[in-house]
Amino acid sequence: MSIDIKQICCIGAGYVGGPTMAVIADNCHHIQVNVVDINKTRITNWNNDDFSKLPVYEPGLAEIVKRRRGINLHFSCDVNHNISIADMIFISVNTPTKLKGIGAGQASDLKWIEESARQISKYSKGETIVVEKSTLPVKTAETIKLILNGSKDKSDGKKFHVISNPEFLAEGSAIDDLSHPDRVLIGGENDQAIKALENIYLNWINKEKILTTNLWSSELSKLTANAFLAQRISSINSISALCEVTGANINEVAIAIGMDHRIGSKFLKVGPGFGGSCFKKDILNLVYLCRYYNLNEVADYWQKVIDINFWQQKRITHKLVKKLFGTISGKKIGILGFAFKANTNDTRESPAIQICKDLIIEGAELRIYDPKVNNLQIEKELDFKESFTNHLSTTANLYEACLDADAILIMTEWEEFKRLDFTKISTMMRKPSWVLDTRNIIDRKKAKDAGLNVWNVGVDY
Ligand code: NAD
Ligand code: UGA
């Protein structure tokens, strides 16, 4: 017999908690889904009647929230009450890299996980299934179990099952990924708890796509999947530098190798380096785990994926300075795109951050445009200081970012940047004018015909 789930609570209303719970609510009308967060502004924005102001931008998300909010999808700051009525609790809180103490710079900071486990231990009632949705180091379920059971009074009737259900969605395509996942992974020890979660997914996902494993395989598979994906990006980016010096074209190389079905064509897009909140943090976490178990060669191997990523970002700044006669001091540069990828308003670990900081240090005057990231977010990411006043401005108009610029630097592959009006841009810029495309999305010929100099990552001819 499996456990019947009527009330779900999700702790953490972020980029994972929000979209994941929206999709569950949309597919399971018989379940009440309560998403809770300690961040009041975030919850207020989830409850905003202006659906363009939801805290997470994802194509298709606003429509689902519009359909289900107030019916079986609820956003609230009342963490304790919603824990107390839940049959199943997803922990979907942030697990960033530790900034200080043991493991600083590598290990995940689990303080939000621990806090959630303590709240569950205190406020839950009866039998509760606790689902690890956050990405966690291997063996974290052990810690969660200890906290849940540690403070338990034997007579209070509380019973917990901890299962791991890592999330594989990518930002910008979260709703599609959640609706049609390659697989759903559930790791655990208790068959009934696993079955209860499986039953939820079976409302819209075929059984063959649901994979069950032991807890530790599930936790480790998530870190490994991200490490493998990021490794492909560092691999292609490393070859982009070789293309530039040899006259090869990285786009052609990517197609040629991707047609070998053993390699495959996905995740071979060259760029300014991977960003986003997870790749770097999860690989650092993997490196930390390997060092902990004295597997130093393995740790060094994965560390290189991160090193190449940082090197790629630095390389782009150097290239720009070189193209502009060795100095960019006082020169205007238009930055097109600030999000770490298209179709998201997320800027965490965006390669644009490091590159913009380096350009400001070189003395450039940046004007940044992004269709979904607001100026406050950009200033926060760049640690805006008084001394930046003449070096940093943002604009809500794409073409304004190009005015009087010596160069424009395309940082995010937004759809609108694929159709730039180069004739217009060329008349607005100072000569000689450069377009540096770190995403390889522009029509090079059109840009050259309009009198612009063009450089693409991995294509330098
Ligand atoms: P996020 O920072 O957007 O959201 C986490 C939320 O949890 C925050 O709003 C925070 O206020 C809230 N929170 C923290 N402690 C809390 C507590 N005790 N009670 C209530 N709320 C609390 O993070 P995210 O991007 O949604 O990532 C969450 C987890 O999912 C991470 O472990 C991440 O690695 C993993 N993950 C993220 C993605 C992604 O694309 N962002 C994809 C797969 C997995
Ligand atoms: C990534 C994974 O793709 C998800 O499966 C995973 O669930 C998630 O991390 C996570 O654990 O957080 P995400 O970071 O949202 O998702 O987005 P990706 O599409 O993977 O892109 C990450 C970065 O790599 C972006 O900066 C993107 O521009 C870059 N990228 C991606 C490339 O440079 N080239 C590519 O071919 C693909």
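You'll find the structure just up there.
In what follows, the accompanying structure is described.

Criteria and cut-off values
Residues numbered from 1 in each chain as written. Chains lettered and ligands numbered in written order. Predicted model: local features only at pLDDT ≥ 70, side-chain atom pairs only at ≥ 80, totals over all residues. Heavy atoms only, no water. Near = heavy atom within 4 Å. Polar contact = N/O pair within 3.5 Å; in protein donor to acceptor, adjacent residues only side chain to side chain. Areas by Shrake-Rupley, 256 points an atom, 1.4 Å probe, with all protein chains shown as cover. Helix = DSSP H or I, 4+ residues; strand = E, 2+ residues; numbered from the N terminus. Phe/Tyr/Trp six-rings, centres within 6.5 Å; stacked < 30°, edge-to-face > 60°. Buried < 20%, exposed > 50% of the residue type's maximum accessible area, 1.4 Å probe, protein only. Lys NZ or Arg CZ within 6 Å of the ring centre and 35° of its normal. Expected span 1.5 Å × (residues − 1). Contact = heavy atoms within 4.5 Å. Pairing = 2+ DSSP bridges. Axes fitted to C-alpha atoms, helices over the stretch in contact; angles between N-to-C directions. Left-handed = near helix turned anticlockwise from the far one by under 90°. Nonpolar A, V, L, I, M, F, W, Y, C, P; charged D, E, K, R; others polar. Patch = residues over 30% accessible without salt bridge, like charges linked within 9 Å, V, L, I, M, F, W, Y side chains within 5 Å. Salt bridge = Lys/Arg side-chain N within 4 Å of Asp/Glu carboxyl O.

Remarks on the site of ligand 2
Around ligand 2, a shell composed of 19 residues is seen, among which Phe168, Leu169, Glu171, Cys278 and Arg439 lie nearest. In this structure, Phe168 approaches ligand 2 through a main-chain N or O atom, which is 2.7 Å from an oxygen atom. One of the side-chain N or O atoms of Lys341 is found 2.8 Å from an oxygen atom in ligand 2. The fraction of the free accessible surface of ligand 2 (700 Å²) that becomes covered by protein chains is 90%. For the shell around ligand 2, the element with the highest residue contribution is helix H9 (residues 215-246), accounting for 4 residues.

Considering the packing of aromatic side chains
What the rule picks out here adds up to 9 aromatic pairs. Note on Tyr201 and Trp204: the rings are 5.5 Å apart at their centroids and 55° apart in plane angle, and the pair reads as tilted. Accessibility assignment for this pair places Tyr201 and Trp204 in one class, buried. Members of the aromatic cluster, connected to one another through ring pairs, are Phe228, Tyr301 and Trp302. Residue placement shows Arg183 over the ring face of Phe168; its charged tip is 3.6 Å from the ring centre. The aromatic ring of Tyr399 is capped on one face by Lys424, whose charged end is 4.2 Å from the ring centroid.

Quick word on the site of ligand 1
Taken together, the neighbourhood of ligand 1 is formed by 27 residues, with Asp37, Arg42, Thr95, Glu171 and Lys281 sitting nearest. Measuring from an oxygen atom of ligand 1, one finds a side-chain N or O atom of Asp37 at 2.6 Å. Between an oxygen atom of ligand 1 and a side-chain N or O atom of Arg348, the distance comes to 2.9 Å. Protein chains shield 93% of the accessible area of ligand 1, which is 830 Å² for the free molecule.

What to know about helix H11 (residues 279-292)
A rise of 1.5 Å per residue sets the reference length of H11, with its 14 residues, at 20 Å; its end C-alpha atoms lie 20 Å apart and thus fit the reference within 8%. With 10 of 14 residues buried, H11 is to be regarded as a mostly interior element. Buried residues in H11 make contact with H9 and helix H12 (296-323).

Observations concerning the sheet that holds strand E9 (residues 332-336)
In spatial order, the strands read E11-E10-E9-E12-E13-E14; together these 6 strands make up an open sheet with parallel pairing. Among the strands making up the open sheet, the edge pair consists of strand E11 (392-394) and strand E14 (453-456). Between one strand axis and the next, the sheet turns through 20° on average, direction left out of account. For E9 and strand E10 (residues 365-369), the ladder comprises 5 bridges, and the chain directions are parallel.

Details of the packing of H9 against H11
In the contact formed by H9 and H11, the axes pass within 9 Å of each other and the chain directions differ by 115°. Both H9 and H11 take part in a crossing whose hand is left-handed. Residues Leu220, Leu223, Asn226, Ala227, Leu229, Ala230 and Ile233 of H9 form the contact with H11, whose participating residues are Phe279, Asp282, Ile283, Asn285, Leu286 and Leu289. Of the residues contributing to the contact of H9 with H11, the split by class is 10 nonpolar, 2 polar and 1 charged.

Digging into a nonpolar patch on the surface
A surface patch of nonpolar side chains, amounting to about 440 Å² of accessible area, comprises Tyr292, Tyr293, Leu295 and Val298. Of note, Tyr293 is situated in the loop between H11 and H12.

Purely spatial values, then, with no claim about function.
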